[in-house]
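# Per-entry structural report
These are the residues of each chain, in order.
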Amino acid sequence: PHLAALVLARGGSKGIPLKNIKLLAGVPLIGWVLRAAIDAGVFHSIWVSTDHDEIEKVAKQFGAQVHRRSPEVSQDSSTSLEAITEFLNHHHEVDIVGNIQATSPCLHPSDLIKVADLIQKEGFDSVFSVVRRHQFRWSEVKKGENKMTEPQNLNPAKRYRRQDWPGELYENGSFYFAKRHLIEKGYLQGGKMAYYEMRAEHSVDIDIDIDWPIAEQRVLSFGYFGKEPLKEVKLLVCSIDGCLTNGRIYVTEDHKEMVSYDYRDIVGIDLLKKRGIQVRLISDRDCSKTLSAMQLGCVAKVSVTNKLQVLKDWQEDMGLSWKEVAFLGNEESDVECLKQAGMSGVPADACAAAQKAAAYICKGRGGCGAVREFAEHIFLLLEKVSSARKQ
């Protein structure tokens, strides 16, 4: 049977505008679940159902196919079931739908693999995700009511210790898998049902703005970053024009060139060096005088016609794997380097081709703190590597 992953990503969002493609830890929100779905390797097709051009563009960048949903199922009042039903009406080859929520960025391929087995090999008609909570519930007392609250799942005179109480299972909204015949009857859960219990640290659901910074920290700690394990970065190569500087060149009356840079980026480079990470600079043009004036103390290569070859030479000379190399670029000439490096980033104002090739998109623009921001991102991932080693 044809198992399709389907991510519903409507353009309208009352809480956070275009939430589904807002950057979370440098990756569009929807990109986290699409990466997990693709690497799971259990889906015959992976789709994003959307009514928005920008979401369609991002979905295709991450390797998904796009179903353009109709205005009728794109309203604030539209339900997930209505959007899934419309998708099935246009895709008769699909037998099972794995509806994955775009707002669950800590989803891992291993979870999706196990759920696919439940529904394909063990014969369940529907499977949905839950998380175990250890929370005591009390009845609600509305304003003006003359009554007391009552315990719902505890005896106040004999409260459980956490270790003595198994807790309760709650839907966490990460995914809902269901067979076609069930959906056509108007159900996402029904028939022979099963739940799949996710780890608590992977149960991240973004609904309101205040969740965003918390979710970024959770993703950096518990998110899925790809098939290969992360390695400690030993070398950062940074494109000068448009990353370290804002790309503008000022020419004086006596034909001398001047550029500006952000002191925060210089601090970022110093911090990387203190952590034992080499920083090297690269440029298409001859900016040796500018570099000399900046006194950064970094190895640099200017007037470069093939940046990838220079990057390969440095990587081989230092005896590094590609996973130990980070690259920050912003132009089409940087694209191949961004694809090759184990960790890649671009400033917010990088060209479209560079943004597509990068794994991390900075909030800051080139010459305005992007290098410092990327350095902080490297430090956070180094903490993740260190934590994984301890485990």
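Residues numbered from 1 in each chain as written. Predicted model: local features only at pLDDT ≥ 70, side-chain atom pairs only at ≥ 80, totals over all residues. Heavy atoms only, no water.

The name given to the protein in an unreviewed UniProt entry is N-acylneuraminate cytidylyltransferase, and the organism recorded there is Irena cyanogastra. The UniProt entry for the protein carries this comment under Pathway (unreviewed entry): "Amino-sugar metabolism; N-acetylneuraminate metabolism." (UniProt positions renumbered as here; feature names shortened; annotations may be inferred.)

Here we take up the overall build of the protein. A tally of regular secondary structure across the protein gives 13 helices and 17 strands. Projected onto its principal axes, the C-alpha coordinates of the protein cover approximately 80 × 55 × 45 Å. Looking at the protein residue by residue over its 391 residues, the buried ones come to 49%. Contacts in the protein between residues at least 24 apart in sequence constitute 65% of all its contacts with a sequence separation of at least 6. As displayed, the protein has an accessible area near 19700 Å², and 48% of this comes from carbon and sulfur atoms. (Helix = DSSP H or I, 4+ residues; strand = E, 2+ residues; numbered from the N terminus. Buried < 20%, exposed > 50% of the residue type's maximum accessible area, 1.4 Å probe, protein only. Contact = heavy atoms within 4.5 Å. Areas by Shrake-Rupley, 256 points an atom, 1.4 Å probe, with all protein chains shown as cover.)

It is worth spelling out the packing of aromatic side chains at this point. Ring pairs (aromatic) are described by centroid distance and by the angle formed between their planes. Under the criterion given, the structure shown has 8 aromatic pairs. Consider the rings of tyrosine 360 and phenylalanine 374, whose centres lie 6.1 Å apart with planes at 45 degrees: the pair is tilted. You can see tyrosine 360 sitting in strand β17 (residues 360-361) and its partner phenylalanine 374 sitting in helix α13 (residues 370-390), a full 14 residues away along the chain. Each of the two residues, tyrosine 360 as well as phenylalanine 374, counts as buried. Taken together through their ring pairs, the aromatic side chains of Phe43, Phe175, Phe177 and Tyr196 make up a single cluster. Just above the ring of tryptophan 32 sits the side chain of arginine 35; from NZ or CZ to the centre is 5.0 Å. For lysine 192, the ring lying beneath its charged end belongs to phenylalanine 124, and the centroid distance is 4.8 Å. (Phe/Tyr/Trp six-rings, centres within 6.5 Å; stacked < 30°, edge-to-face > 60°. Lys NZ or Arg CZ within 6 Å of the ring centre and 35° of its normal.)

So, on to the sheet that holds strand β4 (residues 45-50). Taken in spatial order, the 7 strands make up an open sheet running β5-β4-β1-β6-β8-β7-β9, and their pairing is mixed. Two strands lie at the open edges of the sheet, namely β5 (65-68) and β9 (193-198), each paired on one side alone. Neighbour to neighbour, the strand axes of the sheet diverge by 30 degrees on average, direction disregarded. With 4 bridges connecting them, β4 and β5 associate as parallel partners. The residue of β5 that forms the bridge with threonine 50 is arginine 68. Most of the contacts of helix α2 (residues 53-61) go to β5, to which it runs at about 160 degrees, and overall it touches β4 and β5. Sheet strands in contact with helix α4 (residues 109-120) are β1 (3-8), β6 (96-100), β7 (126-133), β8 (168-179) and β9, and its direction is about 65 degrees off that of β8. (Pairing = 2+ DSSP bridges. Axes fitted to C-alpha atoms, helices over the stretch in contact; angles between N-to-C directions.)

We now examine the pattern of salt bridges. Pairing of side chains with opposite charge becomes possible as their charged atoms draw close. Following the criterion strictly, the structure yields 21 salt bridges and no others. A salt bridge links aspartate 76 to arginine 10; its shortest N-O distance comes to 3.1 Å. On the criterion of sequence distance, the pair formed by aspartate 76 in the loop between β5 and α3 (80-90) and arginine 10 in the loop between β1 and β2 (23-24) is long-range, its members being 66 residues apart. Of the charged contacts, one joins glutamate 56 and arginine 68 as a salt bridge, the two residues approaching to 2.7 Å between their closest N and O atoms. Residue glutamate 56 is found in helix α2, and its partner arginine 68 is found in strand β5; the two are separated by 12 residues along the sequence. On the accessibility criterion, glutamate 56 (18% relative accessible area) is buried. Salt bridges sharing partners connect three or more residues here, namely Asp53, Glu56, Lys60 and Arg68. (Salt bridge = Lys/Arg side-chain N within 4 Å of Asp/Glu carboxyl O.)

To continue, consider the domain arrangement of the protein. One can read the domain layout of the protein as domain 1 (3-222) and domain 2 (235-389). For domain 1 and domain 2, the distance between their C-alpha centres works out to 37 Å. Note on domain 1 versus domain 2: buried area summed over both sides is about 810 Å², and carbon and sulfur give 59% of it. On inspection of domain 1 and its partner domain 2, the count reaches 1 salt bridge. A per-element tally of the side of domain 1 that touches domain 2 places helix α6 (residues 211-222) first, with 5 residues. In the side of domain 1 that touches domain 2, the residues fall into 5 nonpolar, 4 polar and 1 charged. (Domains from an automatic or database assignment. Buried area = accessible area lost by both parts, 1.4 Å probe. Nonpolar A, V, L, I, M, F, W, Y, C, P; charged D, E, K, R; others polar.)

This paragraph deals with the environment of arginine 199. Along the chain, arginine 199 turns up in the loop between β9 and α6. The spatial distance from the C-alpha of arginine 199 to the C-alpha of methionine 148 is 35 Å, given a sequence separation of 51 residues. Engagement of the side chain of arginine 199 in a polar contact is seen with the side chain of glutamate 201, the distance being 2.4 Å. (Polar contact = N/O pair within 3.5 Å; in protein donor to acceptor, adjacent residues only side chain to side chain.)

Side chains of residues three or four places apart in an α-helix project in the same direction, reflecting 3.6 residues per turn. Over its 12 residues, helix α8 (residues 263-274) runs 17 Å from end to end, which matches the ideal 16 Å to within 8%, given 1.5 Å per residue. Residues Asp265, Ile266, Gly268, Ile269 and Leu272 constitute the buried set of α8. All buried residues of α8 lie within an arc of 155 degrees about the axis, which places them on one face of the element. Seen from the open side of α8, the exposed residues pointing more than 90 degrees away from its buried face are Tyr263 and Lys274. (Expected span 1.5 Å × (residues − 1). Arc of directions from axis to C-beta.)

All right, on to the pairing of strand β15 (residues 325-328) then. Of the two faces of β15, the one carrying Val325 and Phe327 and the one carrying Ala326 and Leu328 are both buried. As judged from the 4 bridges shared by strand β10 (residues 235-239) and β15, these two strands associate in the parallel manner. Its bridge partner being in β15, leucine 236 is matched across the sheet by alanine 326. Where β15 lies against strand β16 (residues 343-346), 3 bridges are found, and the strand directions are parallel. Each bridged residue has a counterpart across the sheet, and for leucine 328 the counterpart in β16 is glycine 345. The parallel pair β15 and β16, bridged by helix α11 (residues 335-340), forms a crossover whose chirality is right-handed. (Right-handed = clockwise from strand over helix to strand, strands pointing away.)

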